[in-house]
Amino acid sequence: TGRSSGLARARSLAAAMSFPGAQSMYQKMLSSAGASASSASTAPVPVGITVKPPTVKPPESSVLLVFGSTNWNDMGKVKGQASEAAPNLMGPHKLSVGLGDTKLSFIATSCSSAHCVAIATDGSAFSWGRNDLGQLGHGDAITRAGPTQVAALKGREMRAAATGKSHTLWLANGGELLASGNSKQGCVGTGAAKKAPFEAKPIIVQGLPPVDSVACGANFNLVRDNESRVWAFGWSEYGVLGNGSDGQYNKADGAVKLTYEVQASPKQVLKLADKVTVQVACGVAHCVAVEDNGTCYTWGCGSYGRLGHKTQDDKWVPTPLAELRAKSVSCGNAFTAAIGYPVLRNGTVCTGQPSLYMWGKVKSASQDAWMYPKTEDDLCGWEVQALSTGQSHSLVKADDSLISWGSGTSSGELGYGEDGPKSSARPKKIDSLEGLKVAQVACGYAHSMILAEKDAAVTDPLPEWIPQVIALQQGGASDSKGKGKKGADEGGKRKANDNKSTQKGKKAKK
């Protein structure tokens, strides 16, 4: 009986489908399905971004602010080391001695550097800090406590610079590149004297087309030319030259004595040859390049996950990060930071307000490394406009604030003032600089610099730093400790206002 009733229902359904109305509905269903398939095959290309090379707009009336260690010779050797002649500047200080009324357009230092460079709008160059291998370009190996004009570069209009551990790259208008400092690891190119350990005056780096921007690692360099191609030269360890090898070889017969190749002649990074590269950045031993569509390529030393590929393996060629599109990047010693946007699995870039991403040894040594790019949640909701990273600290300009953080810092490089903490694992505002108009920030090994617009309300009250050696040459313009002008504050230091956490207002400000 059940079987008979089932057959009857089947016959009724077949009969119903024979009516014209039912057939018409069926045809419409087929037509609709075909249209959906057709529209799926012509789906729009995922939304992307276009990134341009970063630029620095010179302030109309510039002021250079510095804080952190001034003990250039011992920086990095003894943590927090200071002396009466070279104290730790715990809060921001103005630095004008040696610069006069010169209008500045660019500043440079890096996570591996204990020296600094400033470039003026008229093309003159100034350098100061450690000079054990002639990295300052003054023709000697004498440390300069404060800014000193590089006489060897007079007659050339400089526009940018980059600093390594013991060398400096100098970029002139027109794209000519010069270098000074340690020459034994290929950092200054092929023009170095064969038997000399360093070049104390800038020499021309040969074998390059006109250059647009530069970056220095501890003992190697990346160069981006005017055609957006990337070149590398220097010490090859960890594969930082991006040529598919770390350059390791045994230099002793009958024994194991490993070393690494020196590549003094710039060579193009072939993995990026078909890319339009808009920015390059270097840590002590790792590299980042940004393509014009925001794709980040990382390579070099992979420990602590500083390359962002979820492993600690070294990469000997540029390797893309799939989950991020960046508009600006910076490298610390064992970590990397980027201002950018997340990428969905279908390749769509989530545009809107960019976030700050970090990866590597981001927090303290007791916390796990970030093995891939993650947002710095304390800065969610902030518009990050400028970024720099040092040996173990970070500094950003976000909205109207300067914000810094870093674990294990002890020299004042965070700028919180005499009464503020020396280190902070979470981003924290530098209250004495609230509202400052910033052109550029730069972090060094244990020091920080800010190029900004003069502001009567913000910069005028800050104390001025006068390095002792220069002060003595000027006939005692500072106190006996060389800590600053009298009248600005006792001992030339101004206690910062009570620093309040950024945790209020926006998510980062609660």
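Computed from a predicted model, the values in this text were never measured in an experiment.

Scoring rules and cut-offs
- Residue indices follow the written sequence of each chain, beginning from 1 at its first position.
- Whole-chain, interface and lining totals are the exception, using all residues; otherwise, since this is a predicted model, local features are given only for residues with pLDDT of at least 70 and side-chain atom pairs are given and counted only at 80 or more.
- To get the side-chain values, take all heavy atoms of the structure and skip hydrogens and water.
- Helix and strand definitions follow DSSP, with helices as H or I runs of at least four residues and strands as E runs of at least two, each counted in order from the N terminus.
- Pairing between strands requires that DSSP locate at least two bridges from one strand to the other.
- Interaxial angles span 0 to 180 degrees and are taken between N-to-C directions of axes, which are lines fitted to C-alpha atoms, for helices over the stretch in contact.
- For each residue, the accessible area found with a 1.4 Å probe, counting protein chains only, is set against the maximum for its type, and the residue is called buried under 20%, exposed over 50%, and partly exposed in between.
- By the criterion applied in these results, polar contacts are pairs of N or O atoms within 3.5 Å in which, for protein atoms, one can donate a hydrogen and the other can accept it, and in which residues neighboring in sequence qualify only through two side-chain atoms.
- Contacts are residue-level and defined by heavy atoms, with any inter-residue pair within 4.5 Å sufficient.
- Note on terminology: pairs of cysteine sulfur atoms within 2.5 Å are recorded as disulfides.
- Among buried residues, those of type Ala, Val, Leu, Ile, Met, Phe, Trp, Tyr and Cys that are joined through side-chain atoms within 4.5 Å constitute a nonpolar core.
- Pairing of aromatic side chains requires ring centres within 6.5 Å, counting the rings of Phe and Tyr and the six-membered ring of Trp. Pairs whose planes differ by under 30 degrees are stacked, by over 60 edge-to-face, and all others tilted.
- Look at NZ for Lys and CZ for Arg. If either is within 6 Å of the ring centre and within 35 degrees of the ring normal, a charge sits over the ring.

*Asks:* I keep staring at the environment of Ala145 and nothing clicks. Help me out?
*Replies:* Relative to the helices and strands, Ala145 is located in strand S6 (residues 144–149). Here the alpha-carbon distance between Ala145 and His115, two residues 30 residues apart in the chain, equals 9.6 Å.

*Asks:* What's the story with the sheet that holds strand S9 (residues 177–182) in this structure? I'm lost.
*Replies:* Sheet strands pair via backbone hydrogen bonds, and the direction of the pair is either parallel or antiparallel. With antiparallel pairing, the four strands of this open sheet are ordered in space as S7-S8-S9-S10. A strand with exactly one partner marks an edge of an open sheet, and here the two such strands are strand S7 (158–163) and strand S10 (198–204). Across this sheet, the average inter-strand angle for adjacent strands is 15°, counted without regard to direction. In this structure, strand S8 (residues 167–172) lies alongside S9, joined through five bridges in antiparallel fashion. The partner of Trp170 across the bridge, within S9, is Leu178.

*Asks:* Just checking my understanding: could you explain the side chain of Ser113 for this structure?
*Replies:* Checked against the element boundaries, Ser113 lands in the loop between strand S3 (104–108) and strand S4 (115–120). Classification of Ser113 as buried rests on a relative accessible area of 1%. Engagement of the side chain of Ser113 in a polar contact is seen with the side chain of Thr163, the distance being 2.7 Å. Beyond its immediate chain neighbours, meaning those up to four positions away, Ser113 contacts Met75, Thr163, Gly164, Lys165, Gly444, Tyr445 and His447.

*Asks:* When you look at the state of the cysteines in this model, what are you seeing that I'm missing?
*Replies:* As used in these notes, a disulfide is a covalent bond between sulfur atoms, one from each of two cysteines. This structure, assessed with the given rule, holds zero disulfides. Free of any disulfide, Cys111 has its nearest cysteine sulfur in Cys331, 7.3 Å distant. With a relative accessible area of 2%, Cys111 lands in the buried category. In this model Cys331 remains outside any disulfide bridge; the closest cysteine sulfur is found in Cys282, 6.7 Å from its own.

*Asks:* Looking at this structure, I do not really get the environment of Lys94. What am I missing?
*Replies:* With respect to the element layout, Lys94 can be found in strand S2 (residues 88–94). Separated by 370 residues in sequence, Lys94 and Glu464 have C-alpha atoms that sit 4.5 Å apart. Apart from the residues lying within four places of it in its own chain, the contact partners of Lys94 are Val63, Leu64, Leu65, Thr459, Asp460, Leu462, Pro463, Glu464 and Trp465. Within the structure, the side chain of Lys94 is placed 3.4 Å from the backbone oxygen of Thr459, a separation counted as a polar contact. Reaching out from Lys94, the side chain makes a polar contact with the backbone oxygen of Leu462 at a distance of 3.4 Å.

*Asks:* What should I look at first to understand the sheet that holds strand S11 (residues 211–216) in this one?
*Replies:* The sheet built from four strands is open, its strands ordered S11-S12-S13-S16 with antiparallel pairing. The two strands at the open ends of the sheet, each matched to only one other strand, are S11 and strand S16 (262–268). Across the sheet, the axes of successive neighbouring strands diverge by a mean angle of 15°, strand direction being ignored.

*Asks:* In this structure, what is going on with the nonpolar core? I would like to understand it.
*Replies:* Core analysis: the biggest nonpolar cluster contains 32 residues, and Leu356, Val396, Leu433 and Ile450 have the highest contact counts within it. Those elements giving two or more residues to this core turn out to be strand S1 (62–69), strand S21 (335–342), strand S22 (355–360), strand S24 (384–389), strand S25 (393–398), strand S26 (401–406), strand S28 (438–443) and strand S29 (447–453). In this structure Ile450 touches Val63, Leu64, Leu65, Phe67, Ile107, Leu395, Leu402, Leu433, Leu436, Val438, Gln440 and Val441, once residues within four positions along its chain are discounted. Of all hydrophobic cores here, the second largest spans 28 residues; its members include Ala161, Ala192, Val223 and Phe233.

*Asks:* Which parts of the structure should I look at to understand the packing of aromatic side chains?
*Replies:* In this description, a pair of aromatic rings is defined by centroid distance and the angle of the planes. Applying the stated criterion across every chain, the model contains one aromatic pair. For the ring pair Trp235 and Tyr260, a centre distance of 6.0 Å and an interplane angle of 65° mean the geometry is edge-to-face. Placement of the pair is Trp235 in strand S13 (residues 230–235) and Tyr260 in strand S15 (residues 258–260), with a sequence separation of 25 residues. Here Tyr260 falls in the buried class, since its relative accessible area comes to 17%. Sitting over the ring of Tyr372, Lys310 keeps its end group 5.5 Å from the ring centre. Lying across the ring of Tyr416, Lys428 places its NZ or CZ 5.8 Å from the centre.

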